[in-house]
Amino acid sequence: RIAVIDVSDPRRPSRVGEHVRSSGAGVRDMVLVDSHLFIAERGPSLSGAEGDEGRVVVLDASDPLRLREVAHVAFDAQAWRLAVTDRRAYVATWEPWVDRTPVVAIDVADPARPRVTGEFTPGGTADLDYAAIAARGDTVLVAVENNGLLALDVSDPRAINHTDLFDAANYTTPADVLVRGRWVYVASSSGLAVIERYESGQMRQMSHVGGFSGARR
């Protein structure tokens with residue numbers, strides 16, 4: 001279920017409502033864009049077994065007290081992490097016992113008619129477990145468990161290209177990734193890594209703040 005919190009007075013937030021999802025559906029991530037709430041979730045009545053579907057659900061949030069599903073799009077892997085930008089959604093997926101699952105691009109220009117436009121599955125043999133995803137312009141960055149930061153060129157969502165796999169020092173288990181201009185911030189179990197991304201697409205770690213552990217989104 002999704003809780004609705006009134007924060008009109010930040011000093012006294014209050015729970016004013018909730019939206020109950022289908023039985024068995026597992027909400028993994030949410031992004032609010034204007035009057036629509038995009039949700040990455042495991043499909044309804046699914047147990048997490050191999051072969052489960054995932055989906056992105058679009059809710060009309062124009063009235064936060066009456067969230068209403070207007071559309072969804074499904075694919076053959078569990079939706080895990082979600083980013084929405086420039087009328088596109090990007091989903092980092094996950095599937096039990098599968099080493100590498102796709103990053104899926106979805107056209108959400110019309111939120112009532114989302115459609116999958118392309119996907120990218122990394123090559124190689126090492127396990128890639130996606131932990132977080134961020135999008136800015138024609139670039140999608142995916143934080144990967146114990147494997148750094150995966151950079152994707154999504155200028156053509158029908159033909160997504162891998163541009164870099166940046167092995168950032170001092171982070172092991174990432175929890176979230178945030179892009180602000182040319183700066184990329186990765187929160188992980190070992191602290192906060194600050195990475196500069198150049199126009200060429202190359203990345204370089206500039207600094208790291210440690211001294212704490214167990215960072216969360």
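Our subject is the structure that appears above.
Residues numbered from 1 in each chain as written. Predicted model: local features only at pLDDT ≥ 70, side-chain atom pairs only at ≥ 80, totals over all residues. Heavy atoms only, no water.

**Notes on the pattern of salt bridges**
Line of reasoning, step 1. As enumerated under the stated definition, the model contains 13 salt bridges in all.
Line of reasoning, step 2. Close ionic contact of R68 with D60 constitutes a salt bridge, the shortest N to O distance being 3.1 Å.
Line of reasoning, step 3. For R68, a relative accessible area of 46% gives the class partly exposed.
Line of reasoning, step 4. Assessed through its relative accessible area of 17%, D60 is described here as buried.
Line of reasoning, step 5. Within the structure, one salt-bridge network assembled from shared partners comprises R21, E41, R55 and E69. (Salt bridge = Lys/Arg side-chain N within 4 Å of Asp/Glu carboxyl O. Buried < 20%, exposed > 50% of the residue type's maximum accessible area, 1.4 Å probe, protein only.)

**Comments concerning the sheet that holds strand β11 (residues 130-136)**
Line of reasoning, step 1. Sheet architecture is open: four strands sit in the order β11-β12-β13-β14, paired in antiparallel fashion. Unpaired on one side and paired on the other, β11 and β14 (161-166) mark the two borders of the sheet. Looking at each pair of strands side by side, their axes are set apart by 20° on average, direction ignored.
Line of reasoning, step 2. Here β11 runs beside strand β12 (residues 139-144); their pairing, made up of six bridges, is antiparallel. Note that in β12 the partner of Y130 across the bridge is V144. (Pairing = 2+ DSSP bridges. Helix = DSSP H or I, 4+ residues; strand = E, 2+ residues; numbered from the N terminus. Axes fitted to C-alpha atoms, helices over the stretch in contact; angles between N-to-C directions.)

**Points about the packing of aromatic side chains**
Line of reasoning, step 1. Across all of its chains, the model carries one aromatic pair by this definition.
Line of reasoning, step 2. Measuring from centroid to centroid gives 5.4 Å for W80 and W94, while their planes differ by 35°, and the two rings are tilted. Taken as a pair, W80 in strand β7 (residues 78-85) and W94 in strand β8 (residues 88-94) lie far apart in primary sequence, 14 residues in all. (Phe/Tyr/Trp six-rings, centres within 6.5 Å; stacked < 30°, edge-to-face > 60°.)

**Some points on the sheet that holds strand β15 (residues 174-180)**
Line of reasoning, step 1. One open sheet accounts for four strands, arranged β15-β16-β17-β18; its pairing is antiparallel. Two strands bound the open sheet, and with one partner strand each, they are β15 and β18 (203-209). Adjacent strand axes in the sheet meet at a mean angle of 20°, parallel and antiparallel pairs treated alike.
Line of reasoning, step 2. Relative to strand β16 (residues 183-188), β15 runs antiparallel, the two sharing six bridges. Residue V177 lies in a different strand from β16, and its bridge partner there is V186.

**Focus: the environment of V33**
Line of reasoning, step 1. Take V33: it is sitting in strand β3 (residues 26-33).
Line of reasoning, step 2. On the basis of relative accessibility, which here comes to 30%, the residue V33 falls in the partly exposed class.
Line of reasoning, step 3. Each C-alpha atom, one on V33 and one on V84, is 7.7 Å from the other, the two residues being 51 residues apart in sequence.
Line of reasoning, step 4. Dropping the residues within four chain positions of it, V33 is found in contact with F38 and V84. (Contact = heavy atoms within 4.5 Å.)

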